[in-house]
Number of protein chains: 2
Amino acid sequence: MSIILASQSPRRRALLEQMGITDFTVLPARGQEDMSAELTPEHLVETLALTKGREVAARTAAGNLVIAADTVVALHGEILGKPQDEADAYRMLQLLSGETHAVHTGVAVLRDGQTLCEHETTLVRFRPLSEREIRAYIATGEPMDKAGAYGIQGRGAVLIEGIQGDYCNVVGLPVCRLSRMLETFGVRTLG
Amino acid sequence: MSIILASQSPRRRALLEQMGITDFTVLPARGQEDMSAELTPEHLVETLALTKGREVAARTAAGNLVIAADTVVALHGEILGKPQDEADAYRMLQLLSGETHAVHTGVAVLRDGQTLCEHETTLVRFRPLSEREIRAYIATGEPMDKAGAYGIQGRGAVLIEGIQGDYCNVVGLPVCRLSRMLETFGVRTLG
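What comes next is a walk through the structure. Bear in mind that the values here come from a model prediction, so they are computed numbers and not experimental data. (Residues numbered from 1 in each chain as written. Chains lettered and ligands numbered in written order. Predicted model: local features only at pLDDT ≥ 70, side-chain atom pairs only at ≥ 80, totals over all residues. Heavy atoms only, no water.)

**Things to note about the pairing of strand 6 (residues 114–126) of chain A**
Residues and elements named next belong to chain A. Summarising the sheet, strand 5 (residues 100–111) and strand 6 pair through twelve bridges and their orientation is antiparallel. By the bridge assignment, Ala102 is partnered in strand 6 with Leu123. Counting the residues that bridge the hairpin from strand 5 to strand 6 gives two residues, and of these Asp112 lies at a positive phi of roughly 50 degrees. Note: strand 6 against strand 7 (residues 160–165), four bridges, orientation antiparallel. (Pairing = 2+ DSSP bridges. Helix = DSSP H or I, 4+ residues; strand = E, 2+ residues; numbered from the N terminus.)

Okay, here's the thing in structure tokens:
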């Protein structure tokens with residue numbers, strides 16, 4: 001049995017390694033993410049993770065185990081994806097400033113006929129940011145490829161007063177929940 | 001002005017770098033930590049950070065800025081330091097299993113006559129651990145040099161259902177609070 005990570009995110013790769021899973025293959029899902037459906041963020045991330053997982057599972061050999069995930073940032077019902085440009089990053093960071101938002105990650109684990117799909121939510125509280133601080137953070141280049149225009153595992157840590165929930169979930173995978181899901185498939189991350 | 005980190009912890013060094021501070025010198029405090037005084041954990045970590053900071057400040061040139069810190073894990077009033085051996089690590093992990101404990105980090109910033117000393121507390125919730133999981137985690141070697149016998153930034157992440165507060169504080173430095181303290185000294189981590 002091989003483990004397949006259906007994501008090209010270097011952060012998800014690092015999180016799997018942090019869990020002690022070092023022998024896996026990366027095989028990103030093809031196709032566009034359809035975020036047009038009117039779903040709650042929790043339902044949306046589960047649906048997107050499952051769609052990615054099924055697409056990749058259909059391309060791999062029988063017996064392989066596929067892990068897929070999707071993360072979104074949500075504030076007051078608005079979903080913040082990756083910023084389109086620096087002005088968009090500025091808009092998002094100004095929205096997040098001084099507020100608590102939710103990060104939802106959906107994760108799907110599939111092998112042959114068996115499928116598990118769950119989500120985890122972490123609350124993130126930003127400190128109030130000045131215009132200067134937002135511009136300085138954008139100038140680091142960190143926001144541009146990240147949902148919500150920040151990276152908690154990078155310079156973005158300075159912006160965050162605190163979180164409530166699983167930290168790794170904000171980075172891209174709910175490692176505690178995922179380790180339990182993997183046990184259902186006979187894959188132990190400890191012992 | 002030079003920045004001096006009064007700690008030999010590689011994790012604290014990495015956290016300073018994550019904050020964007022790359023030009024600093026490491027100069028650990030000498031002397032034993034005296035944890036015998038009957039202080040609350042919050043008071044204890046501030047006292048220890050201040051003691052380390054003063055000791056190092058006395059050895060550096062005028063004008064240098066010294067950052068010192070101390071972290072303890074506390075559960076039901078008991079302070080858990082670094083485990084003495086594997087049996088001690090087992091005892092600590094069994095205590096933490098299924099419970100929520102507090103991680104307190106005291107941080108002191110000193111330059112010439114000016115001193116700031118604060119602390120930050122983060123709550124950490126462990127999932128219930130089986131004997132097998134505890135033994136497997138100890139076998140990774142990760143617990144032995146860490147307060148409370150776990151590392152949240154390593155394999156220990158799998159053990160943790162969630163936290164409440166600053167994640168970096170559990171790793172060893174409250175980066176959001178520290179960035180504000182540094183601003184008082186004219187050191188900006190953003191912009």
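**Considering the relation of the copies chain B and chain A**
Note on the copies: chain B fits chain A at an RMSD of 0.0 Å, the axial shift is 0.0 Å, and the rotation between them is 180 degrees. These values place the two chain copies in the arrangement generated by a two-fold rotation axis. Nearest to the rotation axis, the C-alpha of Gln164(B) is located 2.2 Å from it, this being the minimum over chain B. Both copies contact each other with a shared surface, as 100% of the interface residues of chain B are interface residues in chain A too. (Least-squares fit on C-alpha atoms with pLDDT ≥ 70 in both. Contact = heavy atoms within 4.5 Å.)

**Description of the nonpolar core**
In terms of nonpolar packing, the biggest core is built from 96 residues, with Tyr150(A) and Tyr150(B) touching the most fellow members. Not counting chain neighbours up to four residues away, the residues in contact with Tyr150(B) comprise Val73(B), Leu93(B), Leu96(B), His101(B), Val103(B), Val124(B), Phe126(B), Tyr137(B), Pro143(B), Ile160(B) and Val170(B). (Core = buried A, V, L, I, M, F, W, Y, C linked by side-chain atoms within 4.5 Å. Buried < 20%, exposed > 50% of the residue type's maximum accessible area, 1.4 Å probe, protein only.)

**As for the packing of helix 3 (residues 86–96) of chain A against helix 4 (residues 131–139) of chain A**
Residue and element names in this part refer to chain A. With their axes 10 Å apart at the nearest point, helix 3 and helix 4 run at an angle of 135 degrees to one another. The angle between helix 3 and helix 4 places the two elements in the oblique class. Helix-helix and strand crossings are classified by hand; for helix 3 and helix 4 the assignment is right-handed. Contact with helix 3, carried on its side by Glu86, Ala89, Tyr90, Leu93 and Gln94, involves Glu131, Ile134, Arg135, Tyr137 and Ile138 of helix 4 and no other residues of that element. Taken together, the residues of the contact of helix 3 with helix 4 break down into six nonpolar, one polar and three charged. (Axes fitted to C-alpha atoms, helices over the stretch in contact; angles between N-to-C directions. Parallel < 35°, antiparallel > 145°, perpendicular 65-115°, else oblique. Left-handed = near helix turned anticlockwise from the far one by under 90°. Nonpolar A, V, L, I, M, F, W, Y, C, P; charged D, E, K, R; others polar.)

**Remarks on the environment of Leu44(B)**
Relative to the elements of secondary structure, Leu44(B) occurs in helix 2 (residues 41–57). As a C-alpha pair, Leu44(B) and Asp166(B) span 122 residues in sequence and 19 Å in three-dimensional space.

**Observations regarding the pattern of salt bridges**
This model, assessed by the stated rule, comprises 26 salt bridges over all chains. Its salt-bridge partner being Arg91(A), residue Glu78(A) comes within 3.2 Å of it at the nearest N-O pair. Here Glu78(A), found in strand 4 (residues 78–80), pairs with Arg91(A), found in helix 3; they are 13 residues apart in sequence, far enough to count as distant. The class of Glu78(A) is partly exposed, set by a relative accessible area of 33%. Judged by its relative accessible area of 36%, Arg91(A) is partly exposed. For the salt bridge of Glu120(B) with Arg177(B), the shortest nitrogen-to-oxygen distance reads 2.6 Å. Residue Glu120(B) is found in strand 6 (residues 114–126), and its partner Arg177(B) is found in helix 6 (residues 175–184); the two are separated by 57 residues along the sequence. A relative accessible area of 14% places Glu120(B) in the buried class. Under the relative-accessibility criterion, Arg177(B) is labelled partly exposed at 28%. Overlapping salt bridges, with partners in common, bring together Arg11(A), Asp145(A) and Lys146(A) in one network. (Salt bridge = Lys/Arg side-chain N within 4 Å of Asp/Glu carboxyl O.)

**Here's the deal with the interface of chain B and chain A**
Contact residues are listed per partner, giving 35 residues for chain B and 35 residues for chain A. The contact between chain B and chain A buries some 2900 Å² in all, and 54% of this surface belongs to carbon and sulfur atoms. Where chain B packs against chain A, one counts four salt bridges. The partner of Glu161(A) in a salt bridge is Arg180(B), with the nearest N and O atoms 2.9 Å apart. Taken together, chain B and chain A are joined by 16 residue pairs in polar contact (both at pLDDT 80 or more). Those elements that place two or more of their residues in the side of chain B that touches chain A are helix 4 (131–139), strand 7 (160–165), helix 5 (167–171) and helix 6 of chain B. (Buried area = accessible area lost by both parts, 1.4 Å probe. Polar contact = N/O pair within 3.5 Å; in protein donor to acceptor, adjacent residues only side chain to side chain.)

**As for helix 6 (residues 175–184) of chain A**
Along helix 6 of chain A, the residues that are buried comprise Val175(A), Cys176(A), Leu178(A), Ser179(A), Met181(A) and Leu182(A). Structurally, helix 6 of chain A contributes buried residues whose contacts are with helix 1 (10–18), strand 3 (65–75), strand 5, strand 6 and helix 5 (167–171) of chain A together with strand 7 of chain B. Just downstream of helix 6 of chain A, Gly186(A) is the residue with a positive phi angle, here 80 degrees.

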